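Here is what each chain is made of, one letter per residue.
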Amino acid sequence: MSEQSTDLRETVRRRYAASAVKVTEGGSACCGPQPVEVDDTFGSALYAADERDALPTEAVAASLGCGNPTAVAELREGERVLDLGSGGGIDVLLSARRVGPTGKAYGLDMTEEMLALALASAEKAGATNVEFLKGTIEAIPLPANTIDVVISNCVINLSTDKPAVFAETFRVLRPGGRIGLSDVVADDALTPGQRAERGDYVGCIAGALSFTEYRTGLEAAGFTDIEITPTHPVADGMHSAIVRATRPPAVETRPEAPPSADTCCGVDC
């Protein structure tokens with residue numbers, strides 16, 4: 001990893017660590033934690049009221065995403081779900097409710113403060129089918145072919161090595177598995193410099209891929225059935241978008257039939 005990439009990752013880590021601390025410290029106030037300050041294009045307002053009300057207030061207050069991936073991933077009973085960049089755990093807890101006791105929801109985050117907040121929220125929620133992992137989304141600490149669905153909420157745009165994220169996501173998905181992501185995506189006409197003019201890296205703007213770049217990256221990793229659908233603007237020419245794709249099912253191969261006894265071959269001829 002280059003020095004610039006390392007610096008950007010550390011900047012992202014510090015920003016989200018500070019957000020977690022703010023929520024945690026706010027928990028001692030009489031009215032509970034206050035949401036991290038974001039506008040109406042990011043944060044817990046993008047979730048339905050009944051979803052927010054069913055979760056610990058800390059998990060809701062720490063929400064910094066640009067969408068609601070659990071609403072588009074079509075989760076089913078018994079599935080194993082992985083949330084990339086799980087933060088305070090809101091999407092992991094919602095996923096755990098959807099997949100039920102026979103399923104499992106994993107959360108992956110690199111920020112210790114967010115992981116601590118998520119673990120506390122899972123305990124308050126009484127969620128027993130969740131597990132939080134420390135690590136980066138460029139090197140997922142799970143075996144290959146073990147996850148049914150990968151979700152993420154406005155995190156992939158923060159990575160400085162998006163091809164690695166796509167490759168790792170493909171690796172951990174079982175054949176036939178799928179992704180349901182919320183992320184910031186730029187119009188194809190915007191150059192990287194123009195994206196940076198509209199917002200900084202940790203604000204989920206400067207590091208966003210364009211629609212074509214996103215599709216090309218997923219295709220290069222092996223994904224098919226790719227759909228990228230904008231939902232609402234977050235800056236001029238920048239959109240929150242739903243991203244869906246599938247890892248192709250395994251292709252069954254038939255064993256070769258043994259040669260017939262009547263076949264003329266070698267010394268039997």
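This one's a predicted model, so the numbers in the text were calculated from it and none came from an experiment. (Residues numbered from 1 in each chain as written. Predicted model: local features only at pLDDT ≥ 70, side-chain atom pairs only at ≥ 80, totals over all residues. Heavy atoms only, no water.)

Caption draft 1: Representation of the packing of helix α6 (residues 162-172) against helix α8 (residues 211-221). Where α6 contacts α8, the two axes come as close as 9 Å, and the packing angle between them is 45°. In terms of their interaxial angle, α6 and α8 are classed as oblique. Every pair of crossing elements has a handedness; the one defined by α6 and α8 is right-handed. Residues Phe-166, Ala-167 and Phe-170 of α6 form the contact with α8, whose own contacting residues are Tyr-214, Gly-217, Leu-218 and Ala-221. When grouped by side-chain class, the residues that make up the contact of α6 with α8 number 6 nonpolar, 1 polar and no charged. (Axes fitted to C-alpha atoms, helices over the stretch in contact; angles between N-to-C directions. Helix = DSSP H or I, 4+ residues; strand = E, 2+ residues; numbered from the N terminus. Parallel < 35°, antiparallel > 145°, perpendicular 65-115°, else oblique. Left-handed = near helix turned anticlockwise from the far one by under 90°. Contact = heavy atoms within 4.5 Å. Nonpolar A, V, L, I, M, F, W, Y, C, P; charged D, E, K, R; others polar.)

Caption draft 2: Looking closely at the environment of Ser-86. Assignment of secondary structure puts Ser-86 in the loop between β1 (80-84) and α4 (90-99). In sequence terms Ser-86 and Ser-152 are 66 residues apart; their C-alpha atoms lie 7.3 Å from each other. Apart from residues lying up to four places away in sequence, Ser-86 is in contact with Val-92, Gly-107, Leu-108, Asp-109 and Phe-132.

Caption draft 3: Representation of empty space enclosed by the protein within the structure. Taken as a whole and assessed by the stated rule, the structure comprises 2 cavities of 30 Å³ or more. In this model, the second largest cavity occupies a volume close to 30 Å³. The wall of the second largest cavity is formed by Leu-84, Val-150, Ile-156, Phe-166, Thr-169, Ile-179, Leu-181, Leu-218 and Phe-223. Going through the elements one at a time, α6 and β5 (173-186) are the ones with two or more residues in the lining of the second largest cavity. When grouped by side-chain class, the residues that make up the lining of the second largest cavity number 8 nonpolar, 1 polar and no charged. (1 Å grid on protein atoms, 1.4 Å probe; cavity = no way out; pocket = protein on both sides within 12 Å on 5 of 7 lines; lining within 4 Å. Points joined across faces, edges and corners; volume = space filled by probe spheres on them.)

Caption draft 4: α8, seen in detail. Among the residues of α8, Phe-211, Tyr-214, Gly-217, Leu-218 and Ala-221 are the ones counted as buried. Angularly, the buried residues of α8 cover 135° about the axis, an arc narrow enough to put them on a single face. Tucked inside the fold, the buried residues of α8 contact α6, β5, β6 (209-210), β7 (224-235) and β8 (238-246). With its phi angle positive at about 115°, Gly-222 sits one or two positions after the end of α8. (Buried < 20%, exposed > 50% of the residue type's maximum accessible area, 1.4 Å probe, protein only. Arc of directions from axis to C-beta.)

Caption draft 5: Structural context of helix α5 (residues 112-125). Between its first and last C-alpha atoms α5 spans 20 Å; for 14 residues at 1.5 Å apiece the expected length is 20 Å, and the two agree. Residues of α5 that are buried include every one of Met-114, Leu-115, Leu-117, Ala-118, Ser-121 and Ala-122, and no others. Here the buried residues of α5 occupy an arc of 160° about the axis, which is enough to place them on one side. Across α5 from its buried face, at more than 90 degrees, point the exposed residues Glu-112, Glu-123 and Lys-124. (Expected span 1.5 Å × (residues − 1).)

Caption draft 6: Summary view of the packing of aromatic side chains. Throughout the structure, instances matching the rule amount to 2 aromatic pairs. When the ring of Phe-166 is compared with that of Tyr-214, the centres are 5.4 Å apart and the planes differ by 50°; the resulting orientation is tilted. One end of the pair, Phe-166, is in helix α6; the other, Tyr-214, is in helix α8, with 48 residues separating them in the sequence. Between Phe-170 and Phe-223 the ring centres are 5.2 Å apart and the planes differ by 90°, which places this aromatic pair in the edge-to-face class. Of this pair, Phe-170 sits in helix α6 while Phe-223 sits in the loop between α8 and β7, and the two are 53 residues apart along the sequence. We classify Phe-223 as buried; its relative accessible area is 4%. (Phe/Tyr/Trp six-rings, centres within 6.5 Å; stacked < 30°, edge-to-face > 60°.)

Caption draft 7: Quick look at the nonpolar core. In this structure, Leu-82, Ile-179, Tyr-214, Leu-218 and Phe-223 are the most contacted members of the largest nonpolar core, which totals 31 residues. Of all the secondary structure elements, the ones that give two or more residues to this core are β1, β2 (104-109), β4 (147-153), α6, β5, α8, β7 and β8. Ignoring any residue separated from it by four or fewer positions in sequence, one finds Tyr-214 in contact with Ile-156, Phe-166, Leu-181, Asp-183, Val-185, Leu-209, Ile-228 and Val-243. Listed in part, the 10 residues of the second largest apolar core include Leu-158, Leu-190, Cys-204 and Ile-205. (Core = buried A, V, L, I, M, F, W, Y, C linked by side-chain atoms within 4.5 Å.)

These figures come from the coordinates and say nothing about function on their own.
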